[in-house]
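# Close look at the chain arrangement
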Amino acid sequence: MSSQDNLLIRKATFNDAGAIALLGRITFTETFGDLFRDKQDLLSYYNRTFSVEKIRNGIQKANNIFWIALKEELPVGYAKLKLNADTPLIKTDLVCQLQKIYVLRDFLGHKIGFKLQEEVLSDATNRGFNEIYLSVLASNDRAINFYNNNDFSKIGEHDFQIGKENFEFIWMSRALNS
């Protein structure tokens, strides 16, 4: 748990599921909403991915860890780490995946994403993981630069389909415990 400048980052609990589900919907819309021609595809994705029940179930899984960032007690960001997330892209054991890290647009200049990432990387390192990977939209230059500046490098590419939309993503990873 870290706290400074009226910012508190802590591991999320079952009771944070509603706030994380709402943050997920808002931040996903801020990041990707304008890329959808059919808003029903977006709404369907929300219902599958960001329902309170799905987030609650995710928080309760032993291989998931969620963090929530609170600025002046308001939820402004979250992160999700999936433990033991082997992938053929990485030829080592003890691999985890940074599945989600989002901050509300109005708070992007406050280094909250960086602080969330620090918490995730510290936890993964303390658990003995050797490497962490993530997936980022290929056209999201801001996020790619953020990860490049934090020692991640590109290891591959993949497509992801949501409704009628096909998105190109980049796999990135970095070593831990080095």
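Each chain carries its own residue numbering, running from 1 in the written order of its sequence. Per-residue local features of the predicted model are confined to residues with pLDDT of at least 70, and side-chain atom pairs are confined, for both listing and counting, to 80 or more; whole-chain, interface and lining totals are unaffected and use all residues. Excluding hydrogens and water, the side-chain figures rest on all heavy atoms present in the structure.

## Remarks on the overall build of the protein
- When helices and strands are tallied, the protein shows five helices and eight strands.
- Labels follow the DSSP assignment, with helices taken as runs of H or I lasting at least four residues and strands as runs of E lasting at least two, numbered in each case from the N terminus. In sequence order, the protein lays out its α and β elements as β-β-α-α-α-β-β-β-α-β-α-β-β.
- Within these notes, the globule rule equals 2.2 Å times the number of residues to the 0.38 power, and the radius of gyration is based on C-alpha atoms. For the protein, the C-alpha radius of gyration of 16 Å lies close to 16 Å, the compact-globule estimate for 178 residues.
- For the protein, the spread of C-alpha atoms along the principal axes amounts to about 45 × 35 × 30 Å.
- Each residue is assigned to one of three classes by its accessible area relative to the maximum for its type, calculated with a 1.4 Å probe on protein chains only: buried under 20%, partly exposed between the two thresholds, exposed over 50%. Every one of the 178 residues in the protein was classed for burial, and the buried ones make up 47%.
- In this description, contact between two residues means that some pair of their heavy atoms is separated by no more than 4.5 Å. Put simply, 65% of the contacts in the protein that link residues at least 6 apart link residues at least 24 apart.
- Surface summary for the protein: the accessible area is close to 9,600 Å², and the carbon and sulfur share equals 47%. Working definition of accessibility: Shrake-Rupley area with a 1.4 Å probe, residue cover restricted to the visible protein chains.

## A word on helix α4 (residues 112-126)
- Multiplying one less than the number of residues by 1.5 Å gives the expected span of a helix. When the terminal C-alpha atoms of α4 are compared, their 21 Å separation across 15 residues agrees well with the 21 Å that a helix rising 1.5 Å per residue should span.
- Three or more residues of α4 are buried, namely I112, G113, K115, L116, Q117, E119, V120, L121, D123 and A124.
- Once α4 finishes, G128 follows within two positions and takes phi at roughly 90°, a positive value.

Fair warning: the whole summary comes from geometry, so function is off the table for now.
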